[in-house]
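Residues per chain are reported as follows:
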Amino acid sequence: MLKAEQNERLTRVGPGTAMGDFMRRFWVPFLAGTELEPDGAPQRVSLLGERLLAFRDTDGRVGLIDEFCPHRRASLFFGRNEECGIRCVYHGWKFDVEGRCLEVPSEPADSNLARKVRLTAYPVHEAGGLLWAWMGPAAERPAPPAFDWLGLPPEQCYFSQFVLNANWLQGMEGEFDSAHVSFLHRRLDMEVAKTSIVGEYFRNDTAPTWKIDPAPHGLVCAASRRTAENELYWRVTHFALPFYSMVAPEIGGCNSWRCWVPLDDENSWVVTVTYAPHRDITQAERDAWAAGHFAHPIVEPGSKRLAARAENDYLIDRAVQKTHSFTGIQGTRAQDAAMTESMGPITDRSREHLATSDQAIIAIRRLLLDSLACHGAGEAVPAMRSGDVYAVRSGSALLPDGVAYDQDKTLMREMGLAGAAEAAE
Ligand code: FES
Ligand SMILES: [Fe+2]
């Protein structure tokens, strides 16, 4: 449970808010690079409560600028993207990717107005097929985060995106609530691998035990379940500041990375990258994800809207709910969204009754509140300063009773945490 003012502090992201100011000290992903073509259609971008416009100029450079023309505030969405700039179609003023005004053709030839006018423009970095914005002070710009999948070839990655109609924290907290997997995503009708999120290990122990450790990128949240053979099935999920989750893979399965980017206070852009660090992704895996299994959503063609969403009750099928799945809703992303969106756009956390299974959620809230206090006092948290702290990946393992995840060197090495383990010895 949080106090109402703590809830406000964590969830509001507009300019001038505590969380908004904090998030503007990190690179923020905002669009897939393929959504912009040189001299192609610009895209409206809502980001941390700001209305922006993204376009790729003739030379391939990406601009992320104020959506509204500084002349009389018409939307530049209708603009002409041509000859290294975007031209407002109202009176022809033209701007480049850095927000400089290049021409004011509606003014006398000797006018110096162009030199005086400037648009808000945020620097953009392109990596891993995503566009990342720096919305903070120029002097504090760090190296972009060095997530390990950014260096992998496309054959080893699978990408999807959707918009969640709920606050970013609400969506993200669902990733750290390991207990829900045993219920919300349960299948009633099929024999599946033991470690699958719909499988035996999750049914065998529905009350996982948490071990939560601080790390430079945020938190390592490890949940262990006791198996029928009295071993421990560890699932190690990372929270990385400010809005990233890396959920534990099934044993031998693919890793996943997800960002919960606040478009505004009540909507979030969710990108999932599933990747195999040591092999290509198989066609069978791609087909399953495209069909909405496990990590990826089913969206309406050509849109970022979930096909199963609030207005159609997530296409719940009560007959399927009796015989095939716990929810009667198809696809894990839609199942998650049905729960997190049903709380309302910003849930009232002062009315919750958190339980033992919510320890990771509590730890994340505490870390975020502490980080806001730290930033408010003029200090930086480590993740603000170094892109390298992000070079970690989630993991899972079956270990003997009594052995914690961080005592297993193979697992720690695989997760990029071997240095931490050796330093602790
Ligand atoms: S409003 Fe854009 S040029 Fe006048
Ligand atoms: Fe889930």
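If you're wondering where the values come from, they're calculated on a predicted model, not measured in any experiment.

## A short note on the UniProt feature "domain: Rieske" (unreviewed entry) in the chain
Then comes step 1: Feature annotation in UniProt places "domain: Rieske" (unreviewed entry) on residues 29-133, given in this structure's numbering.
Then comes step 2: Annotated as residues 29-133, this span is 4% helix and 38% strand, and its ends, taken at the C-alpha atoms, are 6 Å apart.

## Let's talk about the coordination of the iron ion (ligand 2)
Then comes step 1: Taken together, His180 (NE2), His185 (NE2), Asp336 (OD) and Asp336 (OD) make up the protein donors of the iron ion (ligand 2), found 2.1 to 2.6 Å from the metal.
Then comes step 2: The site at the iron ion (ligand 2) holds four donor atoms, and with the angles between them running 54 to 148°, its shape is irregular.
Then comes step 3: Going along the chain, you hit the donors of the iron ion (ligand 2) in the pattern H-x4-H-x150-D. Here His185 is found in the loop between helix 4 (168-173) and helix 5 (200-204), whereas its partner Asp336 is found in helix 8 (residues 332-342), with 151 residues between them in sequence. Side by side, His185 and Asp336 carry an identical accessibility label, which is buried.

## What about the sheet that holds strand 1 (residues 28-32)?
Then comes step 1: Spatially, the three strands line up as an open sheet ordered 1-11-10, and their pairing is antiparallel. A single partner strand is all that each edge strand has here, and the edge strands are strand 1 and strand 10 (124-127). Strand after strand, the sheet turns through a mean of 30° between neighbouring axes, direction not considered.

## Quick look at the pattern of salt bridges
Then comes step 1: Within the structure shown, the criterion is met by 33 salt bridges.
Then comes step 2: Measuring nitrogen to oxygen at the nearest pair gives 2.7 Å for the salt bridge that ties Arg365 to Glu173. In this pair, Arg365 sits in helix 9 (residues 359-376) while Glu173 sits in helix 4, placing the two residues 192 residues apart along the sequence. Of the two residues, Arg365 and Glu173, neither departs from the other in class, the shared state being buried.
Then comes step 3: Close ionic contact of Lys211 with Asp213 constitutes a salt bridge, the shortest N to O distance being 3.1 Å.
Then comes step 4: A cluster of three or more residues bridged by salt bridges with shared partners is formed by Asp57, Arg61, Asp96, Glu98 and Arg100.

## As for the nonpolar core
Then comes step 1: Ranked by internal contacts, the top residues of the largest apolar core, which has 93 residues, are Phe30, Leu47, Leu241 and Trp257.
Then comes step 2: Per-element tally for this core: the top contributor is helix 9, with nine residues.
Then comes step 3: Counting the residues that make up this core, at least three belong to each of domain 1 (28-133) and domain 2 (148-424).
Then comes step 4: Look past the residues within four positions of Phe30 in its chain and what remains in contact with it is Val45, Leu47, Ala54, Val62, Leu64, Val124, Leu131, Trp132, Ala133 and Trp269.
Then comes step 5: Counting residues in hydrophobic clusters, the runner-up holds 15 residues, among them Leu53, Val97, Val104 and Leu119.

## Side note on the packing of helix 1 (residues 4-11) against helix 9
Then comes step 1: One can describe the packing of helix 1 onto helix 9 by two numbers: an axis separation of 10 Å at closest approach and a directional angle of 75°. As the angle between them shows, helix 1 and helix 9 are arranged roughly perpendicular. Residue-level inspection shows Gln6, Arg9 and Leu10 of helix 1 in contact with helix 9, the latter providing Arg365, Leu368, Leu369, Leu372 and Ala373.
Then comes step 2: By residue class, the composition of the contact of helix 1 with helix 9 is five nonpolar, one polar and two charged.

## Side note on a nonpolar patch on the surface
Then comes step 1: On the surface, Phe183, Leu188 and Phe326 cluster together to form a nonpolar patch covering roughly 240 Å² of accessible area.
Then comes step 2: Position of Leu188 relative to the elements: it lies in the loop between helix 4 and helix 5.

## Concerning the state of the cysteines
Then comes step 1: Taken as a whole and assessed by the stated rule, the structure comprises zero disulfides.
Then comes step 2: Here Cys101 is not cross-linked by a disulfide; its sulfur's nearest cysteine counterpart is in Cys69, at 7.9 Å.
Then comes step 3: This cysteine, Cys221, is not joined by any disulfide, and Cys259 carries the nearest cysteine sulfur, 18 Å off.

## Quick word on unusual backbone geometry
Note: most residues except glycine have negative phi, and most peptide bonds are trans.
Then comes step 1: Here the amide bond leading from Leu241 into Pro242 is cis, since omega sits at -5°, within 30 degrees of zero.
Then comes step 2: Looking at the element boundaries, Pro242 is found in the loop between strand 15 (232-240) and strand 16 (244-246).
Then comes step 3: Despite not being glycine, Leu48 shows a phi value in the positive range, around 50°.
Then comes step 4: Its place among the elements puts Leu48 in the loop between strand 2 (43-47) and strand 3 (50-56).

Quick notes on the rules
- Residues numbered from 1 in each chain as written.
- Chains lettered and ligands numbered in written order.
- Predicted model: local features only at pLDDT ≥ 70, side-chain atom pairs only at ≥ 80, totals over all residues.
- Heavy atoms only, no water.
- UniProt positions renumbered as here; feature names shortened; annotations may be inferred.
- Helix = DSSP H or I, 4+ residues; strand = E, 2+ residues; numbered from the N terminus.
- Donors = N, O, S within 2.8 Å, 3.2 Å for Na, K, Ca; no water.
- Tetrahedral: all angles 85-135°; square planar, octahedral: opposite > 155°, others 65-115°.
- Buried < 20%, exposed > 50% of the residue type's maximum accessible area, 1.4 Å probe, protein only.
- Pairing = 2+ DSSP bridges.
- Axes fitted to C-alpha atoms, helices over the stretch in contact; angles between N-to-C directions.
- Salt bridge = Lys/Arg side-chain N within 4 Å of Asp/Glu carboxyl O.
- Core = buried A, V, L, I, M, F, W, Y, C linked by side-chain atoms within 4.5 Å.
- Domains from an automatic or database assignment.
- Contact = heavy atoms within 4.5 Å.
- Parallel < 35°, antiparallel > 145°, perpendicular 65-115°, else oblique.
- Nonpolar A, V, L, I, M, F, W, Y, C, P; charged D, E, K, R; others polar.
- Patch = residues over 30% accessible without salt bridge, like charges linked within 9 Å, V, L, I, M, F, W, Y side chains within 5 Å.
- Areas by Shrake-Rupley, 256 points an atom, 1.4 Å probe, with all protein chains shown as cover.
- Disulfide = S-S within 2.5 Å.

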